Amino acid sequence: STPSLLILPGDGIGPEVMAEVRKIVDWFGAKRDLTFDVSEDLVGGAAYDAHGTPLHDDTMARAQDVDAVLLGAVGGPKYDALDFSLKPERGLLRLRKEMDLFANLRPAQCFDALSHFSSLKQEVVAGLDIMIVRELTSGVYFGEPRGIFEEGNERVGINTQRYTESEIDRVARSAFELAMKRDKKLCSMEKANVMESGILWREVVTRVGQDYPEVELSHMYADAGAMQLTRWPKQFDVIVTDNLFGDLLSDLAAMLTGSLGMLPSASLGAPMSNGRPKALYEPVHGSAPDIAGQGKANPIACILSFAMALRYSFDQGDEAARVEKAVEAVLADGVRTADLLGEDGTVPVSTSEMGDAIVAK
Ligand code: NAI
Ligand code: MG
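These figures come from a predicted structure and were not determined experimentally.

Asker: Before we move on, can you summarise the overall build of the protein with the specific residues and values?
Answerer: Looking only at helices and strands, the protein has 12 helices and 12 strands in total. Whereas a compact globule of 361 residues would reach a radius of gyration of roughly 21 Å, the protein reaches 21 Å, a difference of no more than 12%. The buried share of the protein, taken over its 361 residues, is 45%. Counting contacts in the protein only where the partners sit at least 6 residues apart, residues at least 24 apart contribute 74% of the total.

Asker: Can you break down the UniProt feature "binding site: Mg(2+)" (unreviewed entry) in the protein residue by residue, with the values?
Answerer: The UniProt record annotates "binding site: Mg(2+)" (unreviewed entry) at D223, D247 and D251. A maximum C-alpha distance of 14.4 Å is found for the annotated residues, which run over 29 residues; spatially they form one tight group. Along the chain, the position of D223 falls in helix α8 (residues 222-231). Of note, D251 is situated in helix α9 (residues 243-257). The exposure class assigned to D251 is partly exposed, which follows from the 13 C-beta atoms found within 10 Å.

Asker: Provide a residue-level description of the packing of helix α1 (residues 14-31) against helix α10 (residues 300-312), including the pertinent values.
Answerer: Two elements in contact, α1 and α10, have axes whose closest approach is 8 Å; the angle formed by their N-to-C orientations is 45°. If you check the angle between α1 and α10, you find them oblique. In the packing of α1 onto α10, the handedness of the crossing is right-handed. Contacts between α1 and α10 involve V17, M18, E20, V21 and I24 from the first element and C302, I303 and F306 from the second. Split by residue class, the contact of α1 with α10 holds 7 nonpolar, no polar and 1 charged.

Asker: Describe in detail the environment of L268, supporting the description with residues and values.
Answerer: With respect to the element layout, L268 can be found in strand β11 (residues 264-271). Residues L268 and A68 lie 200 residues apart in sequence; the distance between their C-alpha atoms is 9.6 Å.

Here is what the cut-offs are and how they apply
Residues numbered from 1 in each chain as written. Chains lettered and ligands numbered in written order. Predicted model: local features only at pLDDT ≥ 70, side-chain atom pairs only at ≥ 80, totals over all residues. Helix = DSSP H or I, 4+ residues; strand = E, 2+ residues; numbered from the N terminus. Rg over C-alpha atoms; globule rule 2.2 N^0.38 Å. Buried ≥ 20, exposed ≤ 12 C-beta atoms within 10 Å, placed from the backbone. Contact = placed C-beta atoms within 7 Å. UniProt positions renumbered as here; feature names shortened; annotations may be inferred. Axes fitted to C-alpha atoms, helices over the stretch in contact; angles between N-to-C directions. Parallel < 35°, antiparallel > 145°, perpendicular 65-115°, else oblique. Left-handed = near helix turned anticlockwise from the far one by under 90°. Nonpolar A, V, L, I, M, F, W, Y, C, P; charged D, E, K, R; others polar.

As structure tokens, this is what we get:
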């Protein structure tokens, strides 16, 4: 059956970058005979303006039903004064929570034409292509007890790192599946030297690894991992880690290669009845109110998020590579949105011109 895609452009630059993704989706229909059952709906401030809620129940139900959701960005100053429960971000959080998206995939990929953006030496980042899998729904951000309590004559702030075997098992499985589609190398990071949750993490990941004998599994303490990521990141292919370490390591890894306008992400959940994982794809950046409505936004992060959907939801790895190569080629030609400009006097292209250039390639 035709694969289904729900597009949620959202707020600010969300609709602008999503319009460029639509050009690529249309190109696949016209030139590659690859069509999607595409529907579009509101999320965030746009949904609040229309329905008084940042995510309508009907939209939530559709998201549960499709093969993949692609989201632009939510939020903006217009909504800052709203009640916590009505804020645009709540729409995104509800999607993540109700779809139970426990595996957050954050690639760090270096496009040669942009390697001078890195704070590291060129030879350290040239050709870099790694993926961090961060557990997203458990761990210290959710564990109980939590809170600020009175203790004697002072207060104490408490958060609890807590992982069940099944929570570790499922995110490990996502990471091994991913490694199978890539270079078959997985490094698990925790702090088993000082944390019991880390001991259990290492044990369960090792056990899951027995189901993936082709994948070369290694373990590293997360602090050592941070060092290795900046020293020689190309030693890694896929990294799997918990929510807290993953938060830090994925931001660190992302900045090995460059700009916010270039970074895609995916959040995956359990397999549905058709075998595909529940999935939400979105650029890492937000709604960028400072440049919204000016045609300045870089659409590449959102376009690469769609490429991830092709690879991880639709089993179209070759077509995903086609998109990534087109992006690479356009950058090699020197085409730049304003956020990618150096000092060399190049004139920036608009959001729409960048999209057109990628489609042409
Ligand atoms: P932001 O990511 O929207 O912007 C940070 C800076 O990067 C800005 O200067 C912006 O112009 C630039 N930038 C971001 N994406 C770009 C792109 N594609 N092309 C060119 N430049 C780009 O983060 P900020 O400013 O902290 O938040 C703005 C709004 O977005 C807030 O309402 C925030 O809550 C929301 N937000 C939403 C996220 C989401 O939808 N997942 C994630 C982060 C923030
Ligand atoms: Mg973070």
